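An overview of the molecular structure
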Amino acid sequence: MLPSSNVKNLRRWAPGYRTWTAGAVALVLVGSAALAGCSSSSSGSSSGKSLKIITWVNPPAVAALKKIDAEFMKANPGVKVTLGTAENVNGPYKTMLQQTVDASNADIVTNVQQLQPLPLKITSNNVTSWQTWTMHGVFAPLDGQPFLNDYSSGAKAAETYQGKTYGIVSGEYQEGVFYNKQIFAKYHLSVPTTYTQFLSVLKTLKSKGVTPMWLGLGAVGPIYLQFLYYNLISSVWQPAVPGGKLATGLESGSVKWTDPHFTQAMNEEKQLAAYLEPGYTGEAWQGMPGAFATGKAAMLLDGSWDLASVQQSNPNAQVGFFPLPGSNVAANNQSELQNDLTFSVLNASKNKALAMKWLAFFSKPNIYAQYVDITGISSSQTSGSFSSYAAKVLGSWFGKGDYYTNYFPVLADTDSYWDQPANWPTLQQDLISGKKTPAQVEQLYQSAWQTQ
Amino acid sequence: MTGSALAGRTSTAGTTGMRGTSGAAVLRRKRRLSRLLTGILIAVLFLAPVLYVVMIAFETPTHFLTSPMTPPSSAHLSNFSQGWTGADLATELVNTVIYSVVASAVSTVLALLIAYPLGRRLVRGHGALYALLAAGLFLPLAIIPLFIEARILHLYDNMPGYIILHIEPGLPLGVVVLTAFVLAIPVELDEAAWLDGTSYLGYLGRVIVPLIRPALLITFLYGMLGVWNDIIGPVVLLGATSTNLFPITRGIYTFYGQNESAYTVFAAALVIASLPLVLLFAGTQRQLVRAAIAGSVKG
Amino acid sequence: MATLSVRARTANWRLGKRRASPARLLGRGSRLTMWAGILLGLAVYVLFGLVPAIANVAVSFTNYALYPGAPINFTGWSNYTSMFTTERPGFIQALIATVVFVTAVTVLQNLIALAVAHRLVGDSRWNGVLRVFVFLPIVLGVTIVGLVWILFFEPGQGPAASLWGLFGAHSSFFGSAGLALPLVIFVQVWQNIGFSCMVFIGGLKSISPEIYEAAEIDGVSRWQRLRRLTFPMLAPAVSVNVLLAVVGSFTTYNLIYVLTAGQYGTMTLGMLSFDAAFVDSNLGYGAAVGTVLFAMTFVVALPLMMYLRGRERRLLT
């Protein structure tokens, strides 16, 4: 029962209350309508005239793609191509890729790792997201598309699952040793092709006060020790495996992590790491090309994706390449190939025809040559001539080498293939710093491997 | 008698000069020196790293590669223009302002609409309600479920959605702070105002809001900062290619992950991105302190 | 603020003078508005705060993957038990790192903020400028702060390296297992001092000068004055700052993400939860770590808050 005075007030309040709430509701409605008008994007606008591509921040590749997009838009008036990017070190691109796949919010997506090889025994724990997505039909098969046959069989095989091909490998990067020709000439050094020669080169440089090799783990972590251990495993261990496929051997159990060749490779790794610049664990990985280009070290352990940055930092640098010689048998020392920048089309995309058209455009010889020349990637097509800086630096090694997936087995149980059981690269760092012996490291790999 | 005894409380350390014994004078000089030194230390510690980045923003890439610590001989302004266009900072700045101001304003209003009834105990179970909201301060990072929810509710990849998704983070702190301030307002005021026949919202707007203005300002600014500096939100809640919707933190990422020679442009972008906030804070600094004073009295 | 004494209230009641409380004054219209306001805010909170958090807990019991048509498989407690097995190394280390991080940040942040606040409490223009500097890191935000310090601690040619070099020492700073965590703690403190400082300044200003004058007359030394007088009277400010520092440092991940991405011993639980979900795409495990983190924060913060509030009451009544 309201007091009488309040009944009077209620009548006075009531009309005010009504107008207040009415006004507030109206304001909210108008406001959100205005805001909705402001935002000019929506997922799933199927006009068929827009194409969305996502890739990660690899500056030359981004530049090349933007150029190709502009040319594509000119050749196809009325079509708009947008490129979305995020950085790939430690997360943002992975996140963006994950959300994009789930929301089907793009048409063409780029992947850093390749689909094959899949593990011998597939469980839900030992495949990457990309592999899971492919196996579950997230990507559209490319079979029957005319451009598919422009690519080498190796490139196609890398993206084929159960007879269908799900991605275009746009090229390969190569890992090895890049050297400063001027410094080598100054100290009368020739390109080493065996391990003994390599050690002598390193010792000579160090005795002259020159930093022999440059590497940067800062902000990326021990995964960048791969420029040492990939090449050493490939040149020291893989040749000793009967049949030559180390990865398959490890998976089937015929080869064990405790193999003495692996011990030898790790000992060499420890030896070589002594010739890296001091403080390399904190040296930002982004600074590697610039440091090498300005002469801070005689050699750079890196992948050919960084050559464009090397050139940009110092156009006058004279750079050469040789594979890291872990073995004293020269023929065993191969450059290492990594498939990269694989394009796939989302099956749920509403612009699949347009996406295929873009891929066909991309694969045309003159457009593809432009892409290869700008990115410095090594060609994955069956033919073509290229005049990129990378082609010049890599010389006779351009497009030649061994696929790392042959000898570095699929250990992934999560998307970051370096975060495996027993934490693969971190143990390598422990090894180099002396925290663990090779035997201990091998035991850890073997026991974790068995429980997979 | 002892005007200078409150050294540290007042800024001037002057006396009438009548107590000019050498002991007290030496002490005063020592205090003044220590105040000067600590002042310089604070200035250096908090400003030096920021100034370093500002300096880089004016260097040419080659200069940065070779001798980044030495100041550039002339201001290399193309870093700023490159940063401005390269990341489309203009659109992004506008977006950032819209997102942070609107989301925080709504959040502050909603917080007040909850804080007043809680503070006045107008609701049964107000204690439980307060605890429920305060628990929001520790909620774990659940952005992927939020992403899924956003997709279901059509709040993904559009401007209104992004704003709506950023209202909740400011609510718990807002409710906690505003409830404390509301509690401090005497109940007798309500008496007087209600009898005049004002409406609920009218009372809040005309009586309560002016009284707790510092608290509202703090809640709004803190919420605004939270939205402004969010790095994960744009990557998860906005489409990868919706560049016209990106806020500044997403734009800065365009330059991060590049090689060293792009650091100069990166630094320039950082400077541009921080400037509005710095100016805003410099302008409102006094009110914020007043609010903090009032806040610590209420606890 | 003061309510009438029991005697006065009884007297009023006998006289039929009911104190008009807002509850009784609210008519139906206003009541509706009030409830609408509460429910609107509550709805936002539940929908965008509680529901995702609860969903997160649910996800921690599955191996959910994020793609169209992904099946949701219930995996029971395996995401939690795997924290202690070798399947997911890093949880125990992350736990230790978190404890170190939280303790160090809370203690350092509050001590230094108090010292700085003491210095900046006066209202001169110079102090006003210094206050802007001190608050600058908060205004700049995590991304910018992190990137500023990455540039500063660049091992090759950054200012820190040059200073270090003056002593003939060499360090990888954020890349060194020994220095990375202390440096991350330093940057976290550097960034958040501004807020604690403001709260302390407010608290210091609220202490009336007469108390200091009385102490001066009694011949109390400056240090004793600080300990026995100022510090206890700052109890409310201390409560706020300590609580915010503890909760903030427990849940923080974005600064660590920008500085080191959790490497070299800086992987705290907050960072691990993020890393597992976003970098490893292991949503179930990430959610499990997040849930454990939430429980830990609660278990630590609640008794802490009760202790601090009790201390306030003890010291100030």
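Reading the values: rules and limits
- Note on numbering: residues in each chain are counted from 1, in written sequence order.
- Lettering for chains starts from A, numbering for ligands starts from 1, and both go in the order in which the items are written.
- A pLDDT threshold of at least 70 governs which residues receive local features in this predicted model, and a stricter bar of 80 or more applies before side-chain atom pairs are shown or counted, although totals over entire chains, interfaces and linings include all residues.
- Numbering of helices and strands runs from the N terminus; a helix is a DSSP stretch of H or I covering at least four residues, while a strand is a stretch of E covering at least two.
- Buried, partly exposed and exposed are defined by the number of other C-beta atoms within 10 Å of a residue's own C-beta, namely 20 or more, between the two limits, and 12 or fewer respectively, with C-beta atoms placed from the backbone.
- Two residues qualify as being in contact provided that their C-beta atoms, derived from the backbone, are within 7 Å of each other.
- Here, a nonpolar core means buried Ala, Val, Leu, Ile, Met, Phe, Trp, Tyr and Cys residues linked by C-beta atoms lying within 7 Å of one another.
- Note on method: axes are straight lines fitted to C-alpha atoms, helices fitted across the in-contact stretch only, with angles between N-to-C directions ranging 0 to 180 degrees.
- Under this scheme an angle from 65 to 115 degrees is roughly perpendicular, one under 35 degrees roughly parallel, and one over 145 degrees roughly antiparallel; angles in between are oblique.
- Note on residue classes: Ala, Val, Leu, Ile, Met, Phe, Trp, Tyr, Cys and Pro are nonpolar, Asp, Glu, Lys and Arg are charged, and everything else, Gly too, is polar.
- Every residue is assigned a pLDDT by the predictor, reflecting its confidence on a scale from 0 to 100.
- The split into domains, and so the bounds of each, comes from an automatic or database assignment of domains.
- Multiplying one less than the number of residues by 1.5 Å gives the expected span of a helix.
- Bending is quantified residue by residue as the angle between axes fitted to the seven-residue window ending at that residue and the seven-residue window starting at it.
- Two strands qualify as a pair provided DSSP detects at least 2 bridges between them.
- The hand of a helix crossing depends on one turn: near helix anticlockwise from the far one by less than a right angle means left-handed, and clockwise means right-handed.

1. Considering the overall build of chain C
- Across its full length, chain C carries 15 helices and zero strands.
- Looking at chain C residue by residue over its 317 residues, the buried ones come to 50%.
- If you take every contact in chain C between residues at least 6 apart in sequence, the share linking residues at least 24 apart comes to 69%.

2. A look at the overall build of chain B
- Summing up its helical and strand segments, chain B has 14 helices and zero strands in all.
- Its helices and strands in sequence order give chain B the pattern α-α-α-α-α-α-α-α-α-α-α-α-α-α, from N to C terminus.
- Looking at the 299 residues of chain B, the share that counts as buried comes to 50%.
- Pairs at least 24 apart in sequence give 74% of the contacts found in chain B among residues at least 6 apart.

3. Some thoughts on the nonpolar core
- The biggest cluster of nonpolar side chains holds 289 residues, and the ones touching the most others in it are Leu178, Ala269 and Leu270 of chain B together with Ala117 and Phe200 of chain C.
- Ranked by residue count, the leading element in this core is helix H9 (residues 180–205) of chain C, at 16 residues.
- Setting aside its immediate chain neighbours within four residues, phenylalanine 200 of chain C contacts Ala113, Leu114, Ala117, Leu234, Ala237 and Asn241 of chain C.

4. Focus on the packing of helix H12 (residues 235–251) of chain C against helix H15 (residues 283–316) of chain C
All names here are of chain C.
- Here H12 crosses H15 at 175°, and the two axes come no closer than 9 Å. Here H15 runs roughly antiparallel to H12, going by the angle between their axes.
- Looking at side-chain class alone, the contact of H12 with H15 contains 16 nonpolar, three polar and three charged residues.

5. Some thoughts on the interface of chain B and chain C
- Listed as interface residues are 76 residues of chain B and, on the opposing side, 87 residues of chain C.
- Those elements that place two or more of their residues in the side of chain B that touches chain C are helix H1 (22–57), helix H4 (89–119), helix H6 (143–152), helix H9 (187–195), helix H10 (200–211), helix H11 (213–228), helix H13 (248–252) and helix H14 (263–298) of chain B.
- When residues of the side of chain B that touches chain C are assigned to their parent elements, the largest contribution, 15 residues, is made by H14 of chain B.

6. Notes on the confidence of the model for chain C
- Mean pLDDT over chain C: 82, with 88% of residues reaching 70 or higher.
- On the interface metric, ipTM, the complex scores 0.81, and its pTM is 0.78.

7. Brief notes about the domain arrangement of chain C
- According to the domain assignment, chain C contains domain 1 (21–59) and domain 2 (85–316).
- Distance from the C-alpha centre of domain 1 of chain C to the C-alpha centre of domain 2 of chain C: 33 Å.

8. Quick word on the confidence of the model for chain B
- Per-chain confidence: chain B averages 80 in pLDDT, with 83% of residues scoring 70 or above.
- Helix H7 (residues 159–165) of chain B holds the highest mean pLDDT among the elements of chain B, 95, whereas helix H2 (residues 61–66) of chain B holds the lowest, 70.

9. Here's the deal with the environment of phenylalanine 80 of chain B
Residues and elements named next belong to chain B.
- Mapped onto the elements of the fold, phenylalanine 80 is located in helix H3 (residues 78–86).
- Residue classification places phenylalanine 80 among the buried positions, given that 20 C-beta atoms sit within 10 Å.
- Expressed as a C-alpha distance, the spacing of phenylalanine 80 and aspartate 230, which sit 150 residues apart in the sequence, is 23 Å.
- Dropping the residues within four chain positions of it, phenylalanine 80 is found in contact with Ala57, Ala268 and Ile272.

10. A short note on H1 of chain B
Residue and element names in this part refer to chain B.
- Spanning 36 residues, H1 covers 51 Å between terminal C-alpha atoms, matching the ideal 52 Å at 1.5 Å per step.
- At leucine 47, H1 is bent by approximately 40°, the largest bend along its length, and proline proline 49 sits one to four residues beyond.
- Residues Ile42, Phe46, Pro49, Val50, Val53, Ile56 and Ala57 constitute the buried set of H1.

11. Observations regarding the pairing of strand S10 (residues 336–345) of chain A
All names here are of chain A.
- Summarising burial for S10: ten of the ten residues are buried, a large majority.
- The sheet contact formed by strand S3 (residues 108–111) and S10 spans four bridges and is antiparallel. By the bridge assignment, threonine 110 is partnered in S10 with phenylalanine 343.
- The sheet contact formed by strand S6 (residues 168–180) and S10 spans seven bridges and is antiparallel. Its bridge partner lying in S10, glutamate 175 is registered against glutamate 336.
- Sheet topology note: the S10/strand S11 (residues 402–403) ladder contains two bridges and is parallel. The residue of S11 that forms the bridge with glutamate 336 is aspartate 402.

12. Considerations on the packing of H4 of chain B against H11 of chain B
Residue and element names in this part refer to chain B.
- With their axes 8 Å apart at the nearest point, H4 and H11 run at an angle of 140° to one another. Taken together, H4 and H11 sit at an angle that is classed as oblique. Handedness of the crossing formed by H4 with H11: right-handed. Of the residues in H11, those in contact with Thr96, Tyr99, Ser100, Val101, Ala103, Ser104, Ala105, Ser107, Thr108 and Ala111 of H4 are Leu216, Thr219, Phe220, Gly223, Met224, Val227 and Trp228.
- For the contact of H4 with H11, the class distribution of residues is ten nonpolar, seven polar and no charged.

13. Digging into the environment of tyrosine 80 of chain C
- Inspection of the secondary structure assignment puts tyrosine 80 of chain C in helix H4 (residues 78–81).
- Taking the C-alpha atoms as reference points, tyrosine 80 of chain C and leucine 114 of chain C, separated by 34 residues in sequence, lie 40 Å from one another.

14. Details of the pairing of strand S9 (residues 319–322) of chain A
Residue and element names in this part refer to chain A.
- Residues Val319 and Phe321 line the buried face of S9, whereas the alternating positions Gly320 and Phe322 sit on a face that is not buried.
- Of the pairings in the sheet, the one linking S6 to S9 comprises four bridges and is antiparallel in character. Bridge assignment links tyrosine 179 to a residue of S9, and that residue is glycine 320.

15. Remarks on unusual backbone geometry
- Even without being glycine, serine 104 of chain A reaches a positive phi, approximately 50°.
- Residue position: serine 104 of chain A is located in the loop between helix H3 (92–103) and S3.

16. Details of the environment of alanine 105 of chain B
Residue and element names in this part refer to chain B.
- By the element assignment, alanine 105 lies in helix H4.
- For alanine 105, a count of 17 C-beta atoms within 10 Å puts it in the partly exposed group.
- Between the C-alpha atoms of alanine 105 and threonine 219, which are 114 residues apart in sequence, the distance is 9.1 Å.

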